[in-house]
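# Inside the fold
These are the residues of each chain, in order.
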Amino acid sequence: MVSLRQFTEHDAAVIREKWMFTASTEEICRMIKEWKSRTFEGKYFEMVALTANDAVVGCVSLYGKTAGIASVGVEVFAGERGKGYAAEGVRLMLENAKRLGYRIIQDQVSADNAASIALHKKLGFETDGYLYVNARNRQVLLFLLCLS
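Residues numbered from 1 in each chain as written. Predicted model: local features only at pLDDT ≥ 70, side-chain atom pairs only at ≥ 80, totals over all residues. Heavy atoms only, no water.

### Looking at helix α4 (residues 114–122)
Within α4 the residues assigned to the buried category are S116, I117, L119 and H120. End-on, the buried residues of α4 take up no more than an arc of 160 degrees, which puts them together on one face. In α4, the exposed residues that point more than 90 degrees away from the buried face are A114, A115, K121 and K122. On its buried face, α4 is in contact with β5 (69–76), α3 (85–99), β6 (104–110) and β9 (139–146). (Buried < 20%, exposed > 50% of the residue type's maximum accessible area, 1.4 Å probe, protein only. Helix = DSSP H or I, 4+ residues; strand = E, 2+ residues; numbered from the N terminus. Arc of directions from axis to C-beta. Contact = heavy atoms within 4.5 Å.)

Shown next, in the form of structure tokens:
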């Protein structure tokens, strides 16, 4: 069973082992504390644990861009990919975004990330197919989803 939950300090070891290899446990615990505030640079933000059968297999984020537009991100740890966790985790976060009043999800996907492109299409996102250059000077596709 796939679910989302808040990260706790008890998750710091698995985050370090599976995702943030160079961060210290103390740094990760500080990040977890920040994630619990549900804000980043004055906007809504949450980063939660993606779990399968109570084991942390990744994370999902929701970032409010405006009152009605947000973006969703997902990271599934190596060794856990290809099991459908990303799709289910994003679906759960989309339900949360809708409850919070977001109407549109706008995601930037790296043009060379075939797995993320396929995931977005599978979940019903649409793209115009044009390549854009984002603020980090990377080529991305914009994907949109209406949460009506």
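### A closer look at the side chain of N134
Structurally, N134 is set in the loop between β8 (132–133) and β9. By relative accessible area, N134 is classed as buried at 16%. Beyond its immediate stretch of four places on either side in the chain, N134 contacts Q108 and V140.

### Notes on α3
Given 3.6 residues to a turn, an α-helix orients residues that are three or four positions apart in the same direction. The terminal C-alpha atoms of α3 lie 21 Å apart, and with 15 residues this matches the ideal 21 Å at 1.5 Å per residue to within 8%. Taken residue by residue, α3 has Y85, A86, A87, G89, V90, M93, L94, N96 and A97 as its buried positions. Where α3 terminates, the next one or two residues include G101, which has phi positive at roughly 100 degrees. (Expected span 1.5 Å × (residues − 1).)

### A closer look at the nonpolar core
In terms of nonpolar packing, the biggest core is built from 27 residues, with L62, V72, L94, I105, F125 and L147 touching the most fellow members. Top contributing element to this core by residue count: α3, with 7 residues. Discounting chain neighbours no more than four positions away, the residues touching F125 are L94, I105, D107, H120, F143, L144 and L145. Counting residues in hydrophobic clusters, the runner-up holds 14 residues, among them A12, A23, I32 and F45. (Core = buried A, V, L, I, M, F, W, Y, C linked by side-chain atoms within 4.5 Å.)

### Comments concerning the pattern of salt bridges
Counted according to the given criterion, the structure contains 5 salt bridges. Residue E9 is joined to K36 by a salt bridge in which the shortest nitrogen-to-oxygen separation is 3.4 Å. With E9 in the loop between β1 (2–6) and α1 (12–18) and K36 in helix α2 (residues 25–36), this residue pair connects regions lying 27 residues apart in the sequence. The residue E80 makes a salt bridge to K83 at a minimum N-O spacing of 3.1 Å. (Salt bridge = Lys/Arg side-chain N within 4 Å of Asp/Glu carboxyl O.)

### Side note on the packing of aromatic side chains
Two aromatic rings, taken as a pair, are described by how far apart their centres are and by the angle between their planes. Applying the stated rule across the entire model yields 7 aromatic pairs. Consider the rings of F40 and Y63, whose centres lie 6.4 Å apart with planes at 65 degrees: the pair is edge-to-face. A residue pair is termed long-range when its members are at least 10 positions apart, and F40 in strand β2 (residues 39–40) and Y63 in strand β4 (residues 55–64) qualify at 23 residues. Classification of F40 by relative accessible area gives partly exposed; the value is 43%. An angle of 65 degrees between the planes, with centres 6.3 Å apart, marks the rings of F45 and Y63 as edge-to-face. Of this pair, F45 sits in strand β3 (residues 43–52) while Y63 is found in strand β4, placing the two residues 18 residues apart along the sequence. Classification of F45 as buried rests on a relative accessible area of 14%. What makes Y63 partly exposed here is its relative accessible area of 22%. (Phe/Tyr/Trp six-rings, centres within 6.5 Å; stacked < 30°, edge-to-face > 60°.)

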